[in-house]
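Each chain is listed here by its residues.
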Amino acid sequence: GENVGLHLPTLSVQEGDNSIINCAYSNSASDYFIWYKQESGKGPQFIIDIRSNMDKRQGQRVTVLLNKTVKHLSLQIAATQPGDSAVYFCAENISGTYKYIFGTGTRLKVLA
Amino acid sequence: EADIYQTPRYLVIGTGKKITLECSQTMGHDKMYWYQQDPGMELHLIHYSYGVNSTEKGDLSSESTVSRIRTEHFPLTLESARPSHTSQYLCASSEYGDKKQYFGPGTRLTVT
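Conventions we followed
Residues numbered from 1 in each chain as written. Chains lettered and ligands numbered in written order. Predicted model: local features only at pLDDT ≥ 70, side-chain atom pairs only at ≥ 80, totals over all residues. Heavy atoms only, no water. Pairing = 2+ DSSP bridges. Helix = DSSP H or I, 4+ residues; strand = E, 2+ residues; numbered from the N terminus. Axes fitted to C-alpha atoms, helices over the stretch in contact; angles between N-to-C directions. Contact = heavy atoms within 4.5 Å. Buried area = accessible area lost by both parts, 1.4 Å probe. Salt bridge = Lys/Arg side-chain N within 4 Å of Asp/Glu carboxyl O. Polar contact = N/O pair within 3.5 Å; in protein donor to acceptor, adjacent residues only side chain to side chain. Nonpolar A, V, L, I, M, F, W, Y, C, P; charged D, E, K, R; others polar.

Here we take up the sheet that holds strand β3 (residues 19-25) of chain B. All names here are of chain B. Strand order in the open sheet formed by four strands is β1-β3-β8-β7, and the pairing between neighbours is antiparallel. Of all the strands in the sheet, just β1 (4-7) and β7 (64-66) have a single pairing partner and so form its edges. Strand-to-strand twist across the sheet, computed as the mean angle between neighbouring axes with direction ignored, equals 15 degrees. As judged from the three bridges shared by β7 and strand β8 (residues 76-78), these two strands associate in the antiparallel manner. Counted as the bridge partner of Val66 is Leu76 from β8.

Take the pairing of strand β4 (residues 45-51) of chain A next. All names here are of chain A. Where strand β3 (residues 30-38) and β4 come together, six bridges link them in antiparallel fashion. Note on β4: the bridge partner recorded for Tyr36 is Phe46. Connecting β3 to the antiparallel partner β4 that follows it, the hairpin turn spans six residues, and Gly41 within it adopts a positive phi of roughly 80 degrees.

This part takes up the interface of chain A and chain B. Counting residues at the interface gives 27 residues for chain A and 23 residues for chain B. Both sides of the chain A and chain B interface together cover about 2,000 Å² of buried area, and 53% of this is carbon and sulfur. Put simply, chain A and chain B have two salt bridges between them. Note that B:Asp59 and A:Lys99 form a salt bridge whose closest N and O atoms lie 3.3 Å from each other. Taken together, chain A and chain B are joined by nine residue pairs in polar contact (both at pLDDT 80 or more). Counting residues per element, the ones that place at least two in the side of chain A that touches chain B are β3, β4, β8 (86-94) and β9 (100-102) of chain A. For the side of chain A that touches chain B, the element with the most residues is β3(A), which contributes five residues. Of the residues that constitute the side of chain A that touches chain B, the class distribution is twelve nonpolar, nine polar and six charged.

The following block contains the structure:
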């Protein structure tokens, strides 16, 4: 299969525990952020998004937190499951443009 | 799940060959994108289209061209493949007014 993320930082968590994946974004003019999940051999899958006028947004088992002061984004996954094992990366969209800046990603490994 | 398709999924080709990577979406999205992703690295924008007959180059110069004759179709062509083109190519689309991008499964290209 694909070796996406050979040298990525890895987060290992026990099944059932909560996971927190962090991302530092680069551009103060970014006003929209997305978290993606990418499994081996597949394209990125949308998880959750947040606009800069919000600090927190919740989805099903996932929460995104945005700290604009320090340009930091985090993804929290509750009750992590084996199917959550993948590479997760954030993307920022610069206001008024079509451009997205993507992070390199974090590999999440769920231990049984 | 997004309805965006890419073919072929895997391609091994010799140096100097001309190749076209196909991308189609059935969602009627106006915007379509091509990204290049090396293992463990972030996505880089190669080309962007905001509608029929409208295309722009992205930040990464990949010596490729695109066309957008129909809304649903956004093929990427490499006139003369080189080993440096070996990478994964991801197509994405988004609806006008919505920043959420949906990705296809990707094409893994190897140029020998």
